Amino acid sequence: MAVPLSTFLLEIGTEELPADFARLALPQLDSLVRRDLSAARLSFAAIDCTSTPRRLAITVTELPLAQTDLSEDRKGPPASQALQGGVPTQAAIGFASRCGIDPAALEVRETPKGPFVFARCLEKGRPTSQVLAELIPLWINSLQGRRFMRWGEGESRFSRPIRWLVALLDSSVVPVTLSDSDPEVVSGNTSRGHRLVGDTVTIPSAGDYGSALAAVGVQVDRSIRQAWVREQVASSAASLGGVPDCPEALVDELTDLVEAPLMIEGTVDGHYLHLPAEVLSTVMRAHQRYVPLYRIGASGDPLALDAQASLLPRFLCIGNGLPAANALVRRGNERVLKARLADAEFFVAADRAVASIDRRAQLARVTFAEGLGSLLDRVERLEWLTDVLLESLNLAEATGNHARRAAHLCKHDLVSQMVGEFPELQGLIGGKYLLAEGEARPVALAVQEHYLPKGAGDGLPTSEAGAVVALAERLELLLSIFSKGERPTGSSDPYALRRAGNGMVQILKANGWPFDLGALLRRAASHWSGLLPHFQVDPALLATELAEFLRQRVVSLIEEDGVDGDLVQAVAGDPKSVDRILEDPADVSRRVELLVELRRSGQLAAVQAVVTRAARLAEKGDLPVQVLSATGVVDPGLFEKSSETAMLSVLNALEPIATRKSADRYGELAQGLNSGADALAAFFDGDQSVMVMVDEPAVRANRLNLLGVLRNQAAVLADFSRISG
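Reference entry: report on the structure contained in this document. (Residues numbered from 1 in each chain as written. Predicted model: local features only at pLDDT ≥ 70, side-chain atom pairs only at ≥ 80, totals over all residues. Heavy atoms only, no water.)

### Structural notes on the sheet that holds strand β16 (residues 262-267)
So, step 1. Strand order in the open sheet formed by four strands is β15-β17-β18-β16, and the pairing between neighbours is antiparallel. Of all the strands in the sheet, just β15 (242-244) and β16 have a single pairing partner and so form its edges. The mean inter-strand angle of the sheet, taken between neighbouring strand axes irrespective of direction, is 35°.
So, step 2. Pairing of β16 with strand β18 (residues 311-319) involves six bridges; the strand directions are antiparallel. Looking at β18, one finds that Gly266 is bridged to Phe315.
So, step 3. The strands that helix α8 (residues 277-288) touches are β17 (291-295) and β18; relative to β17, the one it contacts most, it runs at about 150°.
So, step 4. Contacts between helix α9 (residues 326-352) and the sheet are confined to β16 and β18, with β16 contributing the most and set at about 50° to the helix. (Pairing = 2+ DSSP bridges. Helix = DSSP H or I, 4+ residues; strand = E, 2+ residues; numbered from the N terminus. Axes fitted to C-alpha atoms, helices over the stretch in contact; angles between N-to-C directions. Contact = heavy atoms within 4.5 Å.)

Following this line, the structure appears as structure tokens:
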């Protein structure tokens with residue numbers, strides 16, 4: 001006989017939720033419900049979580065009407081204590097009472113520690129509605145979000161006040177009372193519709209939830225609303241001849257701001273197209289949640305001073321009203337946008353009235369961080385680092401001049417009115433102001449690009465001058481904050497030092513700039529100890545800590561690409577190799593990629609086996625790791641077996657590859673190790689194998705040196721001892 005199954009609905013009705021909470025609460029709710037239903041022995045077919053600005057809802061299908069029974073055996077006291085002459089003692093009676101069974105039902109069973117009494121306990125499954133009534137308040141109270149609030153005189157905390165609760169198992173109400181809420185909230189089958197369509201609506205059954213809310217103007221399925229937003233933005237933009245500037249974050253926000261989405265097409269006053277396109281789009285996207293429209297085929301010049309050639313004088317808006325009011329809502333949105341753009345126009349005009357070089361002087365009045373002086377002090381430190389970097393890099397003279405000028409002016413816009421109102425435009429607007437004042441285009445572009453990359457997946461500087469200043473900016477931040485004694489810990493990184501380190505590594509890798517970063521860190525650390533004497537900086541320790549921090553960033557970035565951890569560790573896991581790692585991060589990536597390919601093709605295991613065996617024995621010798629040639633350290637006159645001669649031939653073939661500096665040497669080195677695997681294996685096993693640790697000191701040292709050279713040559717590619725089988 002089939003077990004009857006039910007559908008469960010929980011709707012938490014609230015005042016308008018922040019858009020991010022309406023989205024981020026859903027995976028939390030899904031996880032909580034899955035965990036607790038499984039723990040409560042309640043099976044289910046599917047869980048669906050959704051939200052609108054006024055509700056969080058979860059539907060669970062194919063729930064049984066009651067928990068499954070739980071049968072378990074519980075171990076009691078030893079039989080010698082529980083039974084006397086076959087009669088239960090007080091210990092047995094107490095144990096049986098705790099288990100809820102008759103003492104006569106106790107069983108004696110043998111265990112490794114002797115006979116013990118056991119009780120077979122049966123916990124009858126409770127009705128599902130009872131279990132849900134206990135779990136619902138726990139789920140609500142377990143949700144996390146930013147800026148939770150209390151309301152009225154109750155003690156309940158939530159993102160916004162909870163006003164109603166729907167809890168249905170099919171058509172039956174699951175009785176729940178939120179007594180800490182003010183006023184008290186009692187579950188029922190009554191929900192609320194769109195504010196402009198209907199007040200309350202009765203949900204006949206959990207399975208009728210979506211259709212019941214649709215009847216009162218609410219599209220409760222978030223995925224449907226999101227798909228509608230994407231489709232309508234794309235089609236409306238195409239009909240207007242534009243390309244929408246609608247990143248995924250804006251799609252999410254628009255989805256979570258409306259219960260019944262409605263497309264509104266608005267007009268931008270053409271007068272404001274003389275403002276930079278980024279200013280208009282920032283006002284529209286970040287402040288008004290409108291979708292700007294770019295012209296098809298627009299050049300996208302980041303230094304363009306106006307939007308005439310790039311933006312259409314139109315925008316899209318997702319409304320939450322009634323179609324009949326579309327025209328009225330559109331006019332209202334256009335008026336609001338006009339006021340915001342008028343403010344932006346004023347800010348640009350006020351900024352343009354002050355020369356950028358004068359704004360730079362104003363940085364002296366703004367504190368960077370406690371103990372680190374002003375923003376002007378920071379710029380001067382950044383300029384020093386730019387000079388030092390240019391000394392190490394073989395760049396054109398013009399590029400160096402542009403980088404120095406950009407470093408001098410790179411923070412001027414931080415005291416501009418535009419950045420004060422729109423912080424996300426820092427750097428970008430500064431570059432435009434400089435170009436308008438007559439600065440060279442490469443200087444303006446470098447000022448814009450010195451903030452790149454801003455985060456994971458962001459673009460990198462496209463100009464060499466921009467890359468140099470970006471490196472200097474991040475290095476200044478790391479040196480200054482490390483000198484201050486602060487480090488990233490766990491999830492706490494208030495100065496975004498990890499992001500700065502990642503950016504440095506990405507820039508160095510992308511530009512292929514091999515130079516002695518370790519030496520630069522030591523020089524900079526010494527300079528910083530003089531600049532910031534109140535921190536009593538130990539230059540050697542500061543340089544060492546920064547080098548290790550950057551090595552960890554190299555490892556982290558490669559691991560984020562999905563590379564096996566042991567391969568990453570084989571190339572960049574040894575802190576002793578930090579100088580080589582920081583000298584050329586791109587070199588690290590090349591070696592890792594080769595190891596990945598060798599593992600994929602099945603060639604890695606054979607090479608690893610021989611090299612690892614050789615390396616273990618080589619540790620018993622004293623050959624320095626820098627020795628890559630057998631000449632002068634291996635004497636063929638001491639050979640006793642042909643396997644030694646074959647081994648030397650392999651080493652001699654590998655030597656010119658291992659000592660070469662070209663990027664293609666690693667593939668050849670791997671091929672050479674693979675080709676010589678049989679000869680290397682014969683050294684240890686077979687008719688011509690040798691005993692390495694013989695009594696004769698000269699022969700023993702000669703064989704250890706053979707193995708040491710092999711270890712050192714292989715280490716040019718990787719530390720094979722760190723690779724798992």
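### Brief notes about the sheet that holds strand β4 (residues 70-78)
Sheet strands associate in pairs through backbone hydrogen bonding, adopting either a parallel or an antiparallel arrangement.
So, step 1. As summarised here, the arrangement of the three strands in space is β4-β8-β7, forming an open sheet in which the pairing is antiparallel. The strands lining the two open edges of the sheet, one partner per strand, are β4 and β7 (107-111). Direction aside, neighbouring strands of the sheet carry axes that sit 40° apart on average.
So, step 2. Bridging between β4 and strand β8 (residues 114-123) involves seven bridges; their strand directions are antiparallel. Residue pairing in the sheet places Lys75 in a bridge with Phe118 of β8.

### Details of empty space enclosed by the protein
The rolling of a water-molecule-sized probe over the atoms marks out the regions of remaining empty space.
So, step 1. The final tally for this structure, using the stated rule, is one cavity of 30 Å³ or more.
So, step 2. Considered as a void within the structure, the largest cavity measures approximately 30 Å³ in volume.
So, step 3. If you trace the largest cavity, you find it lined by Met504, Val505, Leu508, Leu517, Leu550, Leu582 and Pro585.
So, step 4. For the lining of the largest cavity, the element with the highest residue contribution is helix α17 (residues 497-511), accounting for three residues.
So, step 5. Partitioned by chemical class, the residues of the lining of the largest cavity number seven nonpolar, no polar and no charged. (1 Å grid on protein atoms, 1.4 Å probe; cavity = no way out; pocket = protein on both sides within 12 Å on 5 of 7 lines; lining within 4 Å. Points joined across faces, edges and corners; volume = space filled by probe spheres on them. Nonpolar A, V, L, I, M, F, W, Y, C, P; charged D, E, K, R; others polar.)

### Comments concerning the state of the cysteines
So, step 1. Using the criterion set out here, one finds zero disulfides in the structure.
So, step 2. The thiol of Cys121 is unpaired, and the distance to the nearest cysteine sulfur, on Cys99, comes to 3.9 Å. (Disulfide = S-S within 2.5 Å.)

### Observations regarding the environment of Arg711
So, step 1. Looking at the element boundaries, Arg711 is found in helix α27 (residues 697-715).
So, step 2. For Arg711, a relative accessible area of 13% corresponds to the buried category.
So, step 3. Through-space distance from the C-alpha of Arg711 to that of Val610 is 9.8 Å; in sequence the pair is 101 residues apart.
So, step 4. Setting aside residues up to four positions removed in sequence, Arg711 forms contacts with Ala615, Ala618, Glu619, Leu623, Pro624 and Val625. (Buried < 20%, exposed > 50% of the residue type's maximum accessible area, 1.4 Å probe, protein only.)

### Some thoughts on the pattern of salt bridges
So, step 1. For the coordinates displayed, the defined rule picks out 53 salt bridges.
So, step 2. Between Arg613 and Asp685 there is a salt bridge, and its shortest N-O distance comes to 2.9 Å. Here Arg613 is found in helix α23 (residues 604-618), whereas its partner Asp685 is found in the loop between α26 (677-684) and α27, with 72 residues between them in sequence.
So, step 3. Across the salt bridge formed by Asp719 and Arg722, the nearest N and O atoms sit 3.2 Å from each other.
So, step 4. Arg722 sits in the partly exposed class, given a relative accessible area of 31%.
So, step 5. Each of the salt bridges in this network shares a partner with another, and the network as a whole consists of Arg378, Arg381, Lys411, Glu473, Arg474 and Glu476. (Salt bridge = Lys/Arg side-chain N within 4 Å of Asp/Glu carboxyl O.)

### Here's the deal with α26
So, step 1. Among all positions of α26, only Ala677, Ala679, Leu680, Phe683 and Phe684 are buried. Mapping the buried residues of α26 onto a view down its axis gives an arc of 165°, with all of them on the same face.
So, step 2. In this fold, the buried residues of α26 make contact with α23, α24 (642-659), α25 (665-675) and α27.
So, step 3. One or two residues past the end of α26 sits Gly686, with phi positive at roughly 110°. (Arc of directions from axis to C-beta.)

### Here we look at helix α11 (residues 375-392)
So, step 1. Relative to the 26 Å expected for 18 residues at 1.5 Å per residue, α11 spans 26 Å between its end C-alpha atoms, a close match to the ideal helical length.
So, step 2. Where α11 is concerned, the buried positions are Leu375, Leu376, Arg378, Val379, Arg381, Leu382, Glu383, Leu385, Thr386, Val388, Leu389 and Leu390.
So, step 3. Turning to α11, the residues buried within the fold contact α10 (356-362), α12 (397-409), α16 (464-483) and α18 (517-531).
So, step 4. With a side-chain oxygen lying 3.3 Å from the backbone nitrogen of Leu376, the N-terminal cap of α11 falls on Ser374. (Expected span 1.5 Å × (residues − 1). Polar contact = N/O pair within 3.5 Å; in protein donor to acceptor, adjacent residues only side chain to side chain.)

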